[in-house]
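Listed here are the chains, written in short residue letters.
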Amino acid sequence: MKSIPLLLMGCGGVGRQLLQHIVDTRSLHAKQGLLLRVLGVSDSQIMVIVPDVFTTGLTDMHLTEVCRLKSSGSSLQAMNSFGECQILKSSEVTKRIVDVAALLGRSTGLVLIDCSASSETIGILNRTIDLGCCIVLANKKPLTSQIEDYEKLVSNLCQIRYESTVGAGLPVITSLTRIIASGDTVHCVVGSLSGTLGYVMSELEGGKPFSQVVRAAKSLGYTEPDPRDDLGGMDVARKGLILARLLGLKINMDDIKVDSLYPDEMGPSLMTTEEFLDKGLPSIDTTIAERVKKSSSEGNVLRYVCTIEGSRCQVGLEELPKNTPLGRLRGSDNLVEIYSRCYKELPLVIQGAGAGNDTTAAGVLADIIDLQDRFP
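Residues numbered from 1 in each chain as written. Predicted model: local features only at pLDDT ≥ 70, side-chain atom pairs only at ≥ 80, totals over all residues. Heavy atoms only, no water.

## What to know about the overall build of the protein chain
Item 1. Assigned secondary structure in the protein chain consists of 14 helices and 13 strands.
Item 2. Computed over C-alpha atoms, the radius of gyration of the protein chain comes to 22 Å, within 12% of the 21 Å expected from 2.2 N^0.38 for 376 residues, which places it in the range of a compact globule.
Item 3. The dimensions of the protein chain, computed from C-alpha atoms along their principal axes, are 65 × 50 × 40 Å.
Item 4. In the protein chain, once contacts between residues fewer than 6 apart in sequence are set aside, the share between residues at least 24 apart is 67%.
Item 5. Looking at the protein chain as shown, the accessible area adds up to about 16600 Å², and 50% of this sits on carbon and sulfur atoms. (Helix = DSSP H or I, 4+ residues; strand = E, 2+ residues; numbered from the N terminus. Rg over C-alpha atoms; globule rule 2.2 N^0.38 Å. Contact = heavy atoms within 4.5 Å. Areas by Shrake-Rupley, 256 points an atom, 1.4 Å probe, with all protein chains shown as cover.)

## Notes on the UniProt feature "active site" (unreviewed entry) in the protein chain
Item 1. With numbering aligned to this structure, UniProt lists the feature "active site" (unreviewed entry) at K239.
Item 2. Topologically, K239 is positioned in helix 11 (residues 234–246).
Item 3. Judged by its relative accessible area of 7%, K239 is buried.
Item 4. Every residue in contact with K239, bar those within four places of it in the chain, is listed here: K140, T165, V166 and L193.
Item 5. A polar atom in the side chain of K239 sits 2.7 Å from the backbone oxygen of L193. (UniProt positions renumbered as here; feature names shortened; annotations may be inferred. Buried < 20%, exposed > 50% of the residue type's maximum accessible area, 1.4 Å probe, protein only. Polar contact = N/O pair within 3.5 Å; in protein donor to acceptor, adjacent residues only side chain to side chain.)

## A look at the packing of aromatic side chains
Item 1. Applying the stated rule across the entire model yields two aromatic pairs.
Item 2. Judged by centre distance (5.0 Å) and plane angle (75 degrees), the rings of Y199 and Y222 are edge-to-face. Of the two residues, Y199 sits in helix 8 (residues 195–204) while Y222 sits in the loop between helix 9 (210–219) and helix 10 (228–231), which places them 23 residues apart along the sequence.
Item 3. Among the residues examined, Y199 registers a relative accessible area of 11% and is labelled buried. (Phe/Tyr/Trp six-rings, centres within 6.5 Å; stacked < 30°, edge-to-face > 60°.)

## Side note on the layout of surface pockets
Item 1. If you add up the space inside the second largest pocket, you get close to 450 Å³.
Item 2. Together, 20 residues line the second largest pocket, and I160, R161, I173, T174 and T177 are the ones closest to its centre.
Item 3. Those elements giving two or more residues to the lining of the second largest pocket turn out to be strand 7 (160–161), helix 7 (172–181) and helix 14 (357–370).
Item 4. In terms of residue class, the lining of the second largest pocket is made up of 12 nonpolar, four polar and four charged. (1 Å grid on protein atoms, 1.4 Å probe; cavity = no way out; pocket = protein on both sides within 12 Å on 5 of 7 lines; lining within 4 Å. Points joined across faces, edges and corners; volume = space filled by probe spheres on them. Nonpolar A, V, L, I, M, F, W, Y, C, P; charged D, E, K, R; others polar.)

## Comments concerning helix 7
Item 1. All of the buried residues in helix 7 are V172, I173, S175, L176 and I179. Burial along helix 7 is one-sided: seen end-on, the buried residues are contained in an arc of 165 degrees. Among the exposed residues of helix 7, those oriented more than 90 degrees off its buried face are R178 and A181.
Item 2. Buried residues belonging to helix 7 abut strand 8 (186–192), helix 11, strand 12 (333–340) and strand 13 (348–353).
Item 3. The positive-phi residue at the C-terminal boundary of helix 7 is G183, with phi of around 90 degrees. (Arc of directions from axis to C-beta.)

## So, the sheet that holds strand 4 (residues 86–89)
Item 1. Reading across the sheet, the seven strands line up as 4-3-2-1-5-6-7 and stay open at both edges, with mixed pairing between neighbours. Unpaired on one side and paired on the other, strand 4 and strand 7 mark the two borders of the sheet.
Item 2. Alignment of strand 3 (residues 46–49) against strand 4, held across four bridges, turns out to be antiparallel. Within the sheet, the bridge partner assigned to I46 lies in strand 4 and is K89. (Pairing = 2+ DSSP bridges.)

## Side note on the sheet that holds strand 12
Item 1. Read across the sheet, six strands follow the order 9-11-10-8-12-13 without closing on themselves; strand pairing throughout is mixed. Every other strand in the sheet has two partners, leaving strand 9 (257–258) and strand 13 as the edge strands with one partner each.
Item 2. In this structure, strand 8 lies alongside strand 12, joined through six bridges in antiparallel fashion. For V186, the partnering residue across the bridge sits in strand 12 and is S340.
Item 3. Together, strand 10 (300–309) and strand 11 (312–321) form the strand contacts of helix 12 (residues 273–297), whose direction differs from that of strand 10 by roughly 90 degrees. (Axes fitted to C-alpha atoms, helices over the stretch in contact; angles between N-to-C directions.)

## Description of the pairing of strand 12
Item 1. Most of strand 12 is tucked away: six of the eight residues are buried.
Item 2. In this structure, strand 12 lies alongside strand 13, joined through six bridges in antiparallel fashion. Following the sheet pairing, V336 is matched in strand 13 by I350.

## Considering the nonpolar core
Item 1. With 116 residues, the main nonpolar core has L18, Y162 and F210 as its most contacted residues.
Item 2. Looking at this core, the element that brings in the most residues is helix 11, giving seven residues.
Item 3. The next biggest cluster of nonpolar side chains, apart from the first, holds seven residues, and it includes C188, V190, L329 and L335. (Core = buried A, V, L, I, M, F, W, Y, C linked by side-chain atoms within 4.5 Å.)

See the structure below:
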């Protein structure tokens, strides 16, 4: 049985779903000769970890209880009553992770998984990479920080996987990596990388007001609590930056042109979420409706896309022909078109659910399994 030791940072929706997937796939992985041994789990305040990282792991009962506590909004401190595990406070967590990485990195190996939404994990990720550990990311921020941090993280591609940072479980990163490795030249990547904005744009085609569509998306759980987090385009820009850097562009976030769907004067620092929903959104309806009408009159549709071509990476509304893959896109799916020497006339198209804790966690788990050849 091949054992893969894991440390998980982040117990939000994706992290909890990952732990549940690990528990649910025990028998499947056992048939494959694999044992995923979760040594510890941490959130922003507490870490739960086994006393002996060489031979044991948190039991499935431990992992299920972690999920239950975090889902109910309780603290991991309550794991004290379970026994057979240690509880560390935030001030001790970084040191313990580095100590474990030093112990296991070049012996049994270790996978550090970042399912947080924090930029503060960059330092610890770099240190564990130096100690010979592998890292798996669902967190986009380490890959969209300054270019120097990015290059350090990806300096040894055998040690890192980050498929779930773009398109959840869709094989976007893997496909681009394989194309590049084959010597094929990628000329252009165009993608609808936000399930929220994909839903909004396709719903606008029926003539519904922008404000009505956004409110509907919020009620369906597609948007963040403050829809401006989606409508501002920064989430798409982060994904675009990850793809652009994968293609070799040495750029930072400031180099990406981002077209927000709301004006600066409606920003979070100037208007509450309630004010934005009640007053701000309706004031944008006419402008958006005119753009929808104009594109329709020319046989096109509006899509919020990321475009990477040459040295340019930009994010915003584009008019696209109705008969293209992106033009036909409906609902909350993500879709990426890759144009290269081999895919010159007809692009390679990757489409499917690009959001959701279940899908994203499944992508993280697949990344972990993909690293198995690095373990004895």
